[in-house]
Amino acid sequence: METIFTNIKERVLEISDFKGIGKEKFFSDLGVTYGNFKGKAKEKALSSDVLAKIVSKYPEINLEWLLLGKGEMSSKKSELDGFVDKIMERETAARNLTREALKNAAQERYSFQEPSEEYETTKKGVPYYDVDFTAGFLEIENSQQTKPDSYISHPFFKNCELVVRASGQSMAKLIRHGDAIGLTRIEDWKNFIPMGEIYAIVTKNNFRMVKIITKGDSDKSYTLISKPTDSKKDEFPPQQISKDQILTIFKVRGICALILTKKRKNNTKKLKIS
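Below is a short write-up of the structure.

Conventions and cut-offs
Residues numbered from 1 in each chain as written. Predicted model: local features only at pLDDT ≥ 70, side-chain atom pairs only at ≥ 80, totals over all residues. Heavy atoms only, no water. Helix = DSSP H or I, 4+ residues; strand = E, 2+ residues; numbered from the N terminus. Buried < 20%, exposed > 50% of the residue type's maximum accessible area, 1.4 Å probe, protein only. Contact = heavy atoms within 4.5 Å. Areas by Shrake-Rupley, 256 points an atom, 1.4 Å probe, with all protein chains shown as cover. Arc of directions from axis to C-beta. Phe/Tyr/Trp six-rings, centres within 6.5 Å; stacked < 30°, edge-to-face > 60°. Salt bridge = Lys/Arg side-chain N within 4 Å of Asp/Glu carboxyl O. Core = buried A, V, L, I, M, F, W, Y, C linked by side-chain atoms within 4.5 Å. Pairing = 2+ DSSP bridges.

1. What about the overall build of the protein?
When you go through the protein residue by residue, the secondary structure sums to eight helices and twelve strands. The 274 residues of the protein split such that 35% are buried. Here the analysis covers contacts within the protein between residues at least 6 apart in sequence; of these, 58% occur between residues at least 24 apart. Total accessible area computed for the protein in this model is approximately 17600 Å², and 50% of it derives from carbon and sulfur atoms.

Set out below in structure tokens:
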């Protein structure tokens, strides 16, 4: 004979299946045995303690459904389904954002363009020369025909005339070996130059260095300050340089870590800035 208690216990069994929990474990957690939900035992009343445990342990179960069989088993079913649908939509959108799309988005923000014959008419960014300022800069300085290896459009190099690489350890606290530095020539440096800033200096005897310039011991000189790591500070003491020895001074306007990679087929250098 089927009773109201039989129907309630049938629905309790449905909860076990819905949650994917084995019957023995499910009923053990409720403090009863599986035998109370079989055969003639189904017709016996379900204690209020068991009902309270079900409501407490599984708050998403609709109490009206459990007692009267009305509505859905889970009172939060539609809400949960909506949440899952939103997650699925986002996951699908993320998958559609392919590697190529990400690359294009990055290039729009920070563009790295290969040199071409059309550069003069479509110029964007700052010329990048793949040389060390202290080693290979003389060729660029002396030749107007030297073509840049690439062009960089990046906020760090705004208003720079060119970008080259730094080398050495004398400025390691501020500029690491291999970092890209953006330079702007200072035309009237003999009359005025802001003290305490970083400059790239070319001397008349072809020495090239990146230093902080401060006031010299006299009006005819500057003091060059290095910023090495603490372990090397004794190797790079302050130096005096006569203004007469200086050929050109560039202001270092931008500093950025630089990674160079090469395409195997044509050895074209690609730039990445981090």
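2. What about the side chain of Ser-16?
Structurally, Ser-16 is set in helix α1 (residues 4-19). What makes Ser-16 buried here is its relative accessible area of 0%. When sequence neighbours within four positions are dropped, the list of residues in contact with Ser-16 reads Ile-21, Gly-22, Lys-23 and Phe-26.

3. Brief notes about helix α3 (residues 48-57)
Since the α-helix packs 3.6 residues into each turn, any two residues three or four apart lie on the same face. Along α3, the residues that are buried comprise Val-50, Leu-51 and Ile-54. Burial along α3 is one-sided: seen end-on, the buried residues are contained in an arc of 100 degrees. Residues of α3 that are exposed and angled more than 90 degrees away from the buried face: Ser-48, Asp-49 and Ser-56.

4. Some details on helix α2 (residues 23-30)
For α2, the complete set of buried residues consists of Phe-26, Phe-27 and Leu-30. Viewed end-on, α2 has its buried residues packed into an arc of 85 degrees, placing them on one side of the element. Following α2 by one or two positions, Gly-31 has its phi on the positive side, about 80 degrees.

5. What to know about the packing of aromatic side chains
Overall, the coordinates contain four aromatic pairs when judged by the stated rule. An angle of 20 degrees between the planes, with centres 5.8 Å apart, marks the rings of Phe-26 and Tyr-58 as stacked. Linking Phe-26 in helix α2 with Tyr-58 in the loop between α3 and α4 (63-68), this pair joins segments that are 32 residues apart in sequence. Residue classification places Phe-26 among the buried residues on the basis of a relative accessible area of 0%. The class for Tyr-58 is buried, based on a relative accessible area of 5%. Between Phe-27 and Tyr-34, the aromatic rings sit 5.6 Å apart at their centres with planes inclined by 10 degrees, giving stacked as the arrangement. Judged by relative accessible area, which is 0%, Phe-27 ranks as buried.

6. Looking at the pattern of salt bridges
Going through the model one piece at a time under the given rule, you end up with eight salt bridges. A salt bridge links Lys-19 to Glu-60, with the nearest nitrogen and oxygen atoms 2.6 Å apart. Taken together, the residues span a long stretch of sequence, with Lys-19 in helix α1 and Glu-60 in the loop between α3 and α4 at a distance of 41 residues. Take Glu-60: its relative accessible area is 15%, and that puts it in the buried class. Note that Asp-130 and Arg-165 form a salt bridge whose closest N and O atoms lie 2.8 Å from each other.

7. Observations concerning the nonpolar core
In terms of nonpolar packing, the biggest core is built from 18 residues, with Val-12, Ile-15, Phe-27, Ile-54 and Leu-66 touching the most fellow members. When residues of this core are assigned to their parent elements, the largest contribution, four residues, is made by α1. The next biggest cluster of nonpolar side chains, apart from the first, holds 16 residues, and it includes Val-164, Ala-166, Ile-181 and Val-202.

8. Points about the pairing of strand β5 (residues 180-185)
Of all the six residues making up β5, five are buried; the element is thus mostly covered by neighbouring parts of the structure. Relative to β5, strand β4 (residues 162-165) is paired through four bridges, and the arrangement is antiparallel. By the bridge assignment, Val-163 is partnered in β5 with Gly-182. Where β5 and strand β10 (residues 246-256) come together, six bridges link them in antiparallel fashion.

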